[in-house]
Amino acid sequence: MVKVEQRKLRNFNQFETVDDVIAILKEQFSTRKLYMKYDVDKREVMINEYNPDRTLMVVTDPNYKGVGDIIIYGLSDKYIEIDLEVIETLGPGYYKCKIKSARRATEGRRDLRFKVNQGDAVATNFRVSKHTIDLTRFNVPTSIKVVIDQFQSANSRFCDMFKIDIFSLDNRDLVLKNIKNTGKTLFIEDVANPESYKAMTEDFIDIAGLYGADLDKLIKRNIEKGFKSIIIVPVIYITEDENSIPFAYLQAISKTETMGIDRVIELKDMSFKLVDRIRDANTLLVSVHQQIIDISRGGAKLKISDNDLKKYIQKSKGFIFDIVFKLQAPLTIYGDIKSVFNDPDGNIMIGVDFEGNSSRKDEMKRFYDVLKPMESEYKSKLIKSMKSSRK
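Residues numbered from 1 in each chain as written. Predicted model: local features only at pLDDT ≥ 70, side-chain atom pairs only at ≥ 80, totals over all residues. Heavy atoms only, no water.

A.B. asks: So what exactly am I meant to see when it comes to a nonpolar patch on the surface here?
C.D. replies: Judged by side-chain polarity, M200, I261 and I265 come together as a nonpolar surface patch covering roughly 290 Å² of accessible area. Along the chain, the position of I265 falls in helix α6 (residues 261–281). (Patch = residues over 30% accessible without salt bridge, like charges linked within 9 Å, V, L, I, M, F, W, Y side chains within 5 Å. Areas by Shrake-Rupley, 256 points an atom, 1.4 Å probe, with all protein chains shown as cover. Salt bridge = Lys/Arg side-chain N within 4 Å of Asp/Glu carboxyl O. Helix = DSSP H or I, 4+ residues; strand = E, 2+ residues; numbered from the N terminus.)

A.B. asks: Help me out: how do you make sense of the sheet that holds strand β11 (residues 161–166) in this one?
C.D. replies: Within a beta sheet, neighbouring strands are joined by backbone hydrogen bonds and run either parallel or antiparallel to one another. Across the sheet, four strands lie side by side as β11-β14-β13-β12; this open sheet has antiparallel pairing. Each edge of the sheet is formed by a strand with only one pairing partner; in this case those strands are β11 and β12 (186–188). Across the sheet, the mean angle from the axis of one strand to that of its neighbour is 20 degrees, orientation sign disregarded. Pairing between strand β13 (residues 229–238) and strand β14 (residues 244–254): 10 bridges, direction antiparallel. Across the sheet, the residue bridging to V233 is L250, located in β14. Taken strand by strand, α6 contacts β11, β12, β13 and β14, and its axis lies near 30 degrees from that of β13. (Pairing = 2+ DSSP bridges. Axes fitted to C-alpha atoms, helices over the stretch in contact; angles between N-to-C directions. Contact = heavy atoms within 4.5 Å.)

A.B. asks: Quick question: what am I supposed to make of the pairing of strand β16 (residues 290–295) here?
C.D. replies: The side chains of a regular strand alternate, residue by residue, between the two faces of the sheet. With respect to burial, β16 is a largely interior element, five of its six residues being buried. As paired elements, strand β9 (residues 114–115) and β16 share two bridges and run antiparallel to each other. Within the sheet, the bridge partner assigned to K115 lies in β16 and is D294. Across two bridges, strand β10 (residues 121–129) lies against β16 in antiparallel orientation. Residue pairing for β16: A123 is matched across the bridge by Q290. Pairing between β16 and strand β17 (residues 299–304): four bridges, direction antiparallel. Across the sheet, the residue bridging to Q291 is K303, located in β17. Connecting β16 to the antiparallel partner β17 that follows it, the hairpin turn spans three residues. (Buried < 20%, exposed > 50% of the residue type's maximum accessible area, 1.4 Å probe, protein only.)

A.B. asks: Just to check I follow, could you spell out the environment of C159 for this structure?
C.D. replies: Take C159: it is sitting in the loop between α2 (142–154) and β11. Setting aside its immediate chain neighbours within four residues, C159 contacts A252, I253, M259 and R263.

A.B. asks: I'm lost on α2 in this one. Help?
C.D. replies: Along an α-helix, residues three or four apart share an orientation, since each turn contains 3.6 residues. Look at α2: 18 Å from first C-alpha to last across 13 residues, which is about the 18 Å you get at 1.5 Å a residue. Looking at α2, one finds that the buried residues are I144, V147, I148 and F151. All buried residues of α2 project into a common sector of 95 degrees when viewed along the axis, lining one side. In α2, the exposed positions that point more than 90 degrees away from the buried face belong to T142, D149, Q150 and S153. Buried-residue contacts for α2 involve β11, β14 and α6. (Expected span 1.5 Å × (residues − 1). Arc of directions from axis to C-beta.)

A.B. asks: Just to check I follow, could you spell out the packing of α2 against α6 for this structure?
C.D. replies: Working note: a packed helix pair is described by the angle between its axes plus the distance between those axes. Closest axis-to-axis distance for the α2/α6 pair is 10 Å, and the angle between their directions is 145 degrees. As for the relative orientation of α2 and α6, their crossing is right-handed in sense. Side by side, α2 and α6 meet where I144, V147, I148 and F151 of the first sit next to M270, K273, L274, R277, I278 and A281 of the second. The residue inventory of the contact of α2 with α6, partitioned by class, reads eight nonpolar, no polar and two charged. (Left-handed = near helix turned anticlockwise from the far one by under 90°. Nonpolar A, V, L, I, M, F, W, Y, C, P; charged D, E, K, R; others polar.)

Given below as C-alpha cells:
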C-alpha cells in the first residue's frame, strides 16, 4: 500500500449516494479519462461494466501491482475522486469493485496539467534546509549556535559590551519579554535622561510606559552600572510558513560614549546579515538533475531519486529549485510541498505548488511564456484523443 503524506488538502463536497456517483461516471466520464491515484505511471482506468448490484468492473494496465483498495480520479468541470473497495481480482488489471465514497472539488483546477517527456525539462539546483529550525519553542540546532557565536566574536568591537543571545520561553526580564513578543527595538540614547526612555516611534519600546512608577529605579540602576547608551535589536527569522519570529537579540551597551540613531541602524543591518548567515549555513545545494513527471502553471510533480535530496527534502515545507526546459535558461522557482509518497523503487514523488513568495514575478512570467506552447500542443492532442474515443 502506498503511504501518502498529504500536506495541503483540497476542499471537497462529498457525494451523498452511490447512484449519484454512478450517474456522474456515466454522464461525464464515458469519453473523459480516469486515472489511478498515487500511481507513478499515471495509469488510465476504464469502467468496463456497470453491474445491476451497483458494483463496477474496472480495467487498467495489466502490469499494475496495486495492493488493497484503490482510488481513481478524473477531471470534468471539477476534479473528482472515487474510493473503490476491490471485491475480487478477476485477472491482471481487471477488478470487480464496490464504490465506498466519492467527492468533488469545490473549485475547478486552475491550470492544465500535462506529462513532461524525459529530456524536455529537468529539475535541478535544489536549495534545501539541512535542519528544520523550530523557533516557536526557540530550539536552535548546534550548527546555528556556532554561526551565532562566530558572528558575535566578529562584531565584538561594535561597542564596549556586545552580545547576541537567544530568547528563552521562561524569560522574566520585562524588556526582553517585550522585545520577543513585539519584535520592537530598545533604544536608550542617554541612560541619565528620562526622555530617552520614551519611544521615538511605534518601532521602539516605550520603556517609560513599561516601567511606569519604577522608571526612576531603572535609571538609577543603569547609571550605577556605568552605562551611557543601550540598544537591543531583535533578530527576526522568517520561517517556511512565512511567519516572523523574533528568536534572538543583539545587545549593545556603551560605557564610554553616547550611541545615536545611526548606531541603531547599524545594529539592525547587522541583524539582517546574521539571518542571511544562518540561512546560508543551513542551506544545502544539490545540483543533480531530477525528473519532472508532470507540470502546470501552478505546480509540478517531481521524482526524487538522489539520496541527499531524499534525506533532507522530506523535512522541508518547501524549497527553491531550478526548472530547465530544453534550449532555455534555468528558471528559479519556489515549490511549496503539498504531497509526498514513495514509488515501488524507493524514489520519492513530491507534488509542489508554485505559490511561495520566493517565486519571483519576472521568473514566473518567463515560466508562463515557456509553458504556453507546450500547453497548446497538449490541448490539441487531448481534443484529438477525445474525438477519436467518440467514434
